[in-house]
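Summary of the model geometry
Spelled out, the chains give:
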Amino acid sequence: MPNNHIARQTVDILAWKLDGIERDAAALRAEFRRWRELTSPEQPLEVHHSQVKRLTHRLEGLLDAVQSTISKPAEAPASSRVQHVREAVSGILSVRRIWEYFRGKLGQREQPRLAARLGVADDLAWSCYEPLQRAAKRTASNAAVDIKEPPLVYFNGGASPFAVARHRAFQPDDVDQEWENPLFGPILEDLPVPVLGLPWSLADRLPALMCLTHEVGHVAEEDFKLSDAVKRVIQDCVRDDPDSSRAAVWRAWRRELFADVFGAIAGGPSFTFALATYLLDDSARLRGETRSRDFPTDYPTAHLRMVMCRAVLRSLGHDASALESAWPLDLDRGHGLDDEWVTDAVTIARQLLDTKHAQLDNLSLHDLVAYTAFDHGAALGIGRLLREGKDPAPLATDVRQIVGAATLLYATDPATYSAHELDALLVERSRAARDPGARSGGFHPRDLARERDNAATLAEQDKRAGQRLLARLMNTGGKS
Ligand SMILES: [Zn+2]
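Residues numbered from 1 in each chain as written. Predicted model: local features only at pLDDT ≥ 70, side-chain atom pairs only at ≥ 80, totals over all residues.

What follows is about the overall build of the protein chain. A count of helices and strands for the protein chain gives 20 helices and four strands. When the 480 residues of the protein chain are sorted by exposure, 42% land in the buried category. In the protein chain, the proportion of contacts linking residues at least 24 apart, taken out of those at least 6 apart, comes to 78%. (Helix = DSSP H or I, 4+ residues; strand = E, 2+ residues; numbered from the N terminus. Buried ≥ 20, exposed ≤ 12 C-beta atoms within 10 Å, placed from the backbone. Contact = placed C-beta atoms within 7 Å.)

Below, the structure is given as structure tokens:
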């Protein structure tokens with residue numbers, strides 16, 4: 001009799017838990033629909049339509065899988081139903097944590113001032129990412145579901161994009177230790193929207209924003225599977241290295257050197273200026289810097305980072321002499337490197353610029369994303385109009401040229417730049433130059449036909465990919 005009483009109690013508790021899980025799932029599905037509406041045509045956040053659609057479809061697939069674990073027959077033993085409920089609670093919590101990671105970043109756009117600033121940053125990141133994404137879409141061997149949406153930029157508490165190792169970008173909010181799961185980071189990184197963090201110090205000014213191209217370099221290496229090509233370039237370029245010791249150090253620097261070179265290709269002199277400014281901020285460390293041959297850090301030495309960027313600029317036809325003269329020569333004494341390291345740096349940078357990639361329609365970064373001497377000339381032209389008190393609208397149609405103009409103006413005449421509120425004016429120009437509609441695969445007229453053909457298939461593929469996430473979350477790491 002007492003046992004039956006306990007059994008009845010257990011069933012009631014399970015039913016109560018199940019009802020809570022179903023309500024949680026329904027609330028999440030309603031929130032996903034609300035965000036798809038918030039980003040629908042002609043809404044203020046319409047540019048994020050394709051990102052939100054693909055993310056929420058993945059998470060709806062994960063929710064489907066979670067809910068299917070609790071729809072087992074009621075006559076199943078109580079112990080197995082308890083286990084299913086526990087897994088479902090863990091699964092729902094996982095969906096919430098993954099969604100919160102992105103919702104918090106999207107939500108920064110609900111404040112108009114931040115939305116305007118993030119709009120420029122999103123446009124800048126997209127202008128460097130889109131040419132690669134389009135090339136990847138043209139390459140038949142790439143599956144549509146593996147091609148990601150435009151990057152999502154957000155402000156965080158970091159000091160500089162130049163100082164944050166990429167793997168630390170994917171940390172969900174802290175929660176109870178019981179629910180910690182080391183797989184969250186890799187899962188967030190695999191979802192179809194790359195994220196890029198910017199320090200809050202850039203929320204008020206454009207001139208250093210070109211540093212964002214370094215972060216785009218990181219996601220480009222991952223999303224377009226460029227790592228093997230970078231490793232081959234290092235192997236090919238490091239010569240006279242009988243015990244492979246230099247090559248080993250260059251390989252340890254691979255991610256950060258690629259991000260710098262990508263930044264210099266896509267951001268030109270403005271990027272290199274932003275990097276030099278950051279590096280000089282820490283001149284005490286610079287003077288003591290050595291090559292770290294035995295214990296290389298993630299980053300090449302400051303001197304080699306500048307050597308690589310200047311090599312890229314020269315190859316693109318820019319005049320790098322101003323940057324050379326701006327770099328205090330006495331800081332070079334601390335680099336502790338022999339000439340062969342400098343030769344390696346120049347050769348690797350040039351080769352990364354010109355290497356063709358089969359998965360990018362057999363094009364190079366030079367072909368796809370270079371900030372050319374023409375772009376630099378346009379930035380100078382925008383700056384000239386602003387200094388003369390004229391509206392730069394006729395020239396200011398490209399976000400990288402606009403940010404380039406802000407950097408040049410601020411570097412040469414910071415007082416005028418600040419006194420005339422040119423920063424706000426350039427943010428407005430950038431907004432006016434933006435295409436309407438979603439940034440990728442959205443409802444822009446030119447995308448409509450493709451959208452109709454592909455949307456249903458892609459949504460289905462995303463839901464199936466989301467369903468597979470549950471097994472990945474539960475198999476290891478998750479304490480369920
Ligand atoms: Zn980095």
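Relative orientation of the contacting elements helix H16 (residues 373-387) and helix H17 (residues 399-412) amounts to 60°, with a least axis distance of 8 Å. Put simply, H16 runs oblique to H17. Remark: the crossing between H16 and H17 carries right-handed chirality. Residue-level contacts link Asp375, His376, Ala378, Ala379, Leu380, Ile382, Gly383 and Leu386 of H16 to Arg400, Gln401, Ile402, Gly404, Ala405, Leu408 and Leu409 of H17. In the contact of H16 with H17, the residues fall into nine nonpolar, four polar and two charged. (Axes fitted to C-alpha atoms, helices over the stretch in contact; angles between N-to-C directions. Parallel < 35°, antiparallel > 145°, perpendicular 65-115°, else oblique. Left-handed = near helix turned anticlockwise from the far one by under 90°. Nonpolar A, V, L, I, M, F, W, Y, C, P; charged D, E, K, R; others polar.)

On to the environment of His84, then. Within the fold, His84 resides in helix H3 (residues 78-107). Sequence separation between His84 and Val66 is 18 residues; the distance between their C-alpha atoms is 9.3 Å.

As a rule of thumb, nonpolar side chains are buried together in soluble globular proteins. Counting residues in each nonpolar core, the largest one holds 117 residues, and the members touching the most others are Leu209, Leu212, Met308 and Val312. Each of domain 1 (1-110 + 446-480) and domain 2 (111-443) contributes no fewer than three residues to this core. (Core = buried A, V, L, I, M, F, W, Y, C linked by C-beta atoms within 7 Å. Domains from an automatic or database assignment.)

The next thing to look at is the confidence of the model for the protein chain. In this model, the protein chain carries an average pLDDT of 83, and 80% of its residues clear a pLDDT of 70 or more. The least confident element of the protein chain is helix H13 (residues 329-332), whose mean pLDDT is 58; the most confident is strand S4 (residues 363-364), at 98. Here residues 442-446 scores under 50 on pLDDT; set against residues more than four positions off or in separate chains, the count is 14 contacts. A low-confidence stretch, residues 476-480 (pLDDT under 50), is modelled with twelve contacts involving residues beyond four sequence positions or located in other chains. (pLDDT = per-residue confidence, 0-100.)

The subject of this paragraph is the environment of Gly381. Structurally, Gly381 can be placed in helix H16. The spatial distance from the C-alpha of Gly381 to the C-alpha of Pro392 is 8.4 Å, given a sequence separation of eleven residues.

With that settled, consider helix H8 (residues 245-252). Considered for burial, the residues of H8 that qualify are Arg246, Val249 and Trp250. Taken around the axis of H8, the buried residues stretch over an arc of 100°, which confines them to a single face. Close packing links the buried residues of H8 with helix H7 (227-237) and helix H14 (339-354). (Arc of directions from axis to C-beta.)

A word on unusual backbone geometry. Even without being a glycine, Asp240 presents a positive backbone phi close to 50°. You can see Asp240 is positioned in the loop between H7 and H8. For Asp240, a count of 8 C-beta atoms within 10 Å puts it in the exposed group. One non-glycine residue with positive phi stands out, namely Asn362, at about 60°.

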